[in-house]
Each structure stands twice: as structure tokens, then as C-alpha cells.
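Structural overview
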Amino acid sequence: MNESGLAQQLLNLIGGKQNINQVWHCATRLRFTLKDRAKVPKDKIEALDGVITVVEASGQFQVVIGNNVGDVYHEVVKLEPSLSEGETSGETAAQGKMTFKSAFNSLLTFISGVFTPFLGAMAGAGILKGLLSLAVVMGWLTAKSGAYQIWWAAADGIFYFLPIALAFTAAKQLKVNQFVSMAIAAAMVSPGIVALGAKATTIDFFGIPVVPANYTATVLPILLVGVQKFLEPVFNKLWHESVRNILAPVCLLVVIVPLTLIVVGPISATVSSWLATAIVSLNKSVPILAGLVLGGFWQVIVIFGVHWALVPVMMNNIAQNGTDLMMPILLPAVLSQAGAALAVFLRTRDAKMKSLAGSSTITALFGITEPTIYGITLKLKKPFYLACVAGAVGGMIVAISGAGANAAALASVLSLPTFIGKGFGLSVVGDVVAFALGTVLTYFFGGINAGAKTKIAPSANSELGEALAAPVKGVLVPLTGLADEVFASETMGKGVAIVPENGMVKAPVAGVIRLLYPTGHAIGIQSDKGSEILIHIGIDTVNLKGKHFQPLVAQGQHVEIGTPLVQFDHEAIEKEGYESTVMMIVTNSDQYQIATLGQGATDDRPVMTLA
């Protein structure tokens, strides 16, 4: 049964919203507080396809679903939207406690996440761009030749129309109409709007002045999808289902596209203008500070699309003075990202990440940093920050050199010949420093854990075999002795339980964080070899709503064995009246032969083997 059908049957059997006070979900269960429990046939709900079991505890009617509980919950709310108004899930609680740091990290994780589906295509296009630039420099092709123009279209297309691709993947994550999102983004990069932006032509929308901007190759469509997330339910409710699929998209297009051009465009243009004025002034008065700003923050400026005002300034400097002093400073910003990607390539043991980091290093050297930033450094966070530091150091050295560009070119190793002249030697030193520092800082401080070899090898009879390390230091106890019958009966899967001696949960395997409940009490990992692991801290600790838990990773992040995942205060949890036992469950344990390696005290050694 699919999630929609299961949600409908659950609502029917529970008695609909009339019998529900609240509904929310934790890592594996839909949790209901009911008005009249006697009306609900527990046996019929347990018999539903997709329901593992039903538990009644803590005044809650808990329907155990498993890993896709979030999808079922969203279907329940979709069928009865009013139920979400009283939601008290850990997600809502966590959002209430969100700090600036966690919000910023969540934004970075979301931005990098929407790039993941097409990173391979972007990396391939970036390499092709670099090869074409090299072909022109070497005289093998000219920019006017047919072969160059055709291949350039193949290389540049995904970057030029990046907003459309981003709109599609962002809409998928935010669960809104993906094709409406694409239509909105397509309007922003349509030839007419691009032409108006290039000419800086001001038009009006029913008397409201509009200043078109260049939206190609920017991440602004993600903001548009955020607006759509807010407006789409409003328009869906406004129209009858017989015309909803047509008229709701009409309303979204009519409202969001003008709103973007009226609001986002002028804001972008104004910020760009202020930024350009400030940097130009800084470059004239204190060049070394301009080097720090451009070298350290250029990639951030580009990400938010407010760099356009600086481009004509640099080109005008070349036209008027024969050289531009700012353009050489951009190269350390690019090369530091390449160095960070190289460090990830050298450090990680994850085959997929290594492959992407290797190709991204090459594209960044050629000046195409999008695959590097969105697929590697920004996704892993620390490498991006460290690359910015390296770029700032290299940028200051280049600024001190006084080197200038005598021709406009994409900042890459291929642009070095345009810097030949005064200060060229020292500027090259700055470029090398940026690349080397980006590599070294990321290699040693980027949080790229190469992983430790397990002490006990898995069974040699299966290619899927692997060993699971203990997620927390403590005392191993059998699952069957736990107070929670779902875990004790191994309904969710086989596993181990550990009474913790400290409050640090670490990754038991190398893999990807597939589930991170915002309250921090539960985390799901899909290992690189395919096992699906749920780590649940405490029993019924979802009721703490994030209190005493601090997540240390983000959903979608790749981790190695021993990577810190969650920090928690087990003593405080126990004082609140909850058990702090940590459960590690293999939720797809039916695919393996599982062995538990004894009981007693544990450290980082393997506690389970899968074969």
C-alpha cells in the first residue's frame, strides 16, 4: 500500500480529525493523542499493510510505520490540513529553538542538497568549458568557429539555465509543483528579461517601476520556490478541484514572477551597486583589505548573485586604463576552492565523493567552481570556510603585488597570461599560496575523516558484509530487556542496546545521513554498503522536544566511521524521567545474517557483523 492509501485508511479507522487532538511523528511512529480511544480498532490498524505494530504508551496511540513515517505523516496532513495546526512534533520544537548558526547551516545544507541530482552533469560541462578555453588559448580553435560554438553551447547550457534545474530539485525537496517552479524560473531567464537586464532598462508593471536583473547562473530561484511553498496551498484551497490543476498555476505565475522582478531585482541591483562602490573605494585606499574581501568572499558574493555590478567596473578599468587591479585578486578565491576539493579527494575513502572531488578539482582550476562549491565544499561546510580563509590570504598577497589584468578573462589558471606585467611574480605566489593553503587546511582541519579500519572483518561469504562499531561508549545490553516493546520485540529490526557512559553518539559505519530528526533523538544512516541503520537515543525522548540533544551533522551529509553525530546529556535525560539507553537497529536486517559480538562494556570496537 502506498503512503496516501495508508494515510486514508488510518484516518478512517481512527475516526478522522473529529477524534484526533494532535498528531505528530518521531523517527518511526505516528503519534496520536485521541479524544476517544474506545472508537479505535487497534487490531484492524495493526493489520494494515505498511503498519508494523501499534503501541499505547505515555497517553499516546503510537502507530509504528518505520523509515517512511515522515511520508505517511505528510499524507495525513495533506488529507486533513487542520491537523498540522496543532502539531507538536520535534520538528516544530526544534525550529522554535533554531539558532542563527543552525539556520545558516540548514540553508547551506539545503542549497547543496538541491545541486546533488545534477552534479555529475555540471562537473562534465565544467571540464568541457575548461578544455574549450584551453583550446582557444593554444590556438586550436577560435571563438567564432562552428565547433567551438556548438561545444560551448553544450558546456554552458546547464550553467546558463541553472535556475531552471535548481527550481526543479528545490521544488522536489519542498514538495511543491515542480513544473510550475520550472515555469517561474524559466520566466526569469527568458530572452526578453535577460535583454532588459543587460541594457539596465527600467520598465513598469501597472505603474510600479521594475529594474530587471540578470538571473542566469544564480541560486535565486530557490527563494522563488520558497515563496511558492507559501502561496501554493493558498491557491489550491481557493479553486475547486475540477479547475485547480490549471488555475492554481496561473495564479502562481501571475503573482510570483512580477513580485520577483519588482522586489528581488531591485534589491539585487542595489546590493550589487553598494558592494561595487565599497570594493572599488577600498581597492583605491587600502588594496590589501580589498584583497582580503575579494579573495575571501568572492565565492559568497557570486552565490547570491550580487557580483554583476563589479564585472562592468573591471571591464571598464581595462578599457580606460589598460589594466584592472581587481581581476587578478579573484583567482586566489577560485584556486582555494580547487585546493579544498583536492584535499577532499586525497582524504576521503568514499568512492563517490572521491570521484566527484577529483573532477571538481579540475573544473575549478579551469575557473568553473559550481561543481566544487555545491557538490563538495559547501556541502561539507568546513572546507568551504577554510577555502575562503585561504582565498583571503592569497588575495592579500596578490593585492600587495599590484598586478593587473590587461584583458577580461574568466578567473582560472588560463587567465594567468593576462596578468603578465608589474607584480606578476608575486601575484603567482599569492595564487600558489591560496591553492596550497586551501589544500592543507582542508586536509587537516576540514573534518574529512578518512575512517578507521574495523578490527573484526565481516563474513567473507557475502560482498555486502560489514561490521558495525558501537555508536556510543557504554555497556551492551540485550534489546529484549528494553521497556519499549517495539525495540524489545525486534519488530523494527535486529540490533543492540547500549547504556551510555558518555553523551557522544558516533557513526558506526561510513555512509549518508538519510534521517536526522530535528530534535536530535534519532538518526538514520544508509551505509556505503547498503545497510540501513537507525540510532535511537532513549525511550520516548521525542517528548523532550530537543531538550538535552545537539545534532552535529546535517541530513544528506556523508560521514565516516567515528564521525560525531549527536551530543546528548544522558544524566539530564534520566533526571527528566526517561531512559537514556541508545539503540542501534538494522532496519533492513531481513537482508542479512546478523551476529552480535557479545555483551558487556564497549568502546569503538565492532559490536555487530552483517553478512
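The notes below deal with the structure included here.

Calculation rules
Residues numbered from 1 in each chain as written. Predicted model: local features only at pLDDT ≥ 70, side-chain atom pairs only at ≥ 80, totals over all residues. Heavy atoms only, no water. Pairing = 2+ DSSP bridges. Helix = DSSP H or I, 4+ residues; strand = E, 2+ residues; numbered from the N terminus. Axes fitted to C-alpha atoms, helices over the stretch in contact; angles between N-to-C directions. Left-handed = near helix turned anticlockwise from the far one by under 90°. Contact = heavy atoms within 4.5 Å. Nonpolar A, V, L, I, M, F, W, Y, C, P; charged D, E, K, R; others polar. Phe/Tyr/Trp six-rings, centres within 6.5 Å; stacked < 30°, edge-to-face > 60°. Buried < 20%, exposed > 50% of the residue type's maximum accessible area, 1.4 Å probe, protein only.

With antiparallel pairing, the 3 strands of this open sheet are ordered in space as β10-β16-β14. If you trace the sheet from one side to the other, it starts and ends with β10 (504-506) and β14 (549-551), each paired once. Averaged over neighbouring strand pairs, the angle between their axes works out to 20 degrees when direction is ignored. Sheet analysis places β14 next to strand β16 (residues 564-568), joined by 3 bridges and oriented antiparallel. The residue bridging Pro-551 from the neighbouring strand is Val-566, located in β16.

What follows is about the packing of helix α13 (residues 287-303) against helix α18 (residues 382-401). α18 packs onto α13 with a crossing angle of 140 degrees between their chain directions and a minimal axis gap of 6 Å. Note on packing geometry: the crossing formed by α13 with α18 is right-handed. For the pair α13 and α18, contact is made by Pro-287, Ile-288, Gly-291, Leu-292, Gly-295, Gly-296, Gln-299, Val-300 and Ile-303 and by Phe-384, Cys-388, Gly-391, Ala-392, Gly-395, Met-396, Ala-399 and Ile-400, respectively. Residue classes in the contact of α13 with α18 are distributed as 11 nonpolar, 6 polar and no charged.

Let us look at the packing of aromatic side chains. Taken as a whole and assessed by the stated rule, the structure comprises 7 aromatic pairs. Seen from their ring centres, Tyr-148 and Trp-152 are 5.7 Å apart, and the 10 degrees between their planes marks the pair as stacked. One end of the pair, Tyr-148, and the other, Trp-152, are both in helix α7 (residues 146-160), 4 residues apart, so they sit about a helical turn from each other. With a relative accessible area of 12%, Tyr-148 lands in the buried category. The exposure class assigned to Trp-152 is partly exposed, which follows from its relative accessible area of 26%. Relative to Phe-568, the ring of Phe-549 lies with its centre 6.4 Å away and its plane at 20 degrees, an arrangement referred to as stacked. Taken together, the residues span a long stretch of sequence, with Phe-549 in strand β14 and Phe-568 in strand β16 at a distance of 19 residues. Residue classification places Phe-568 among the buried residues on the basis of a relative accessible area of 5%.

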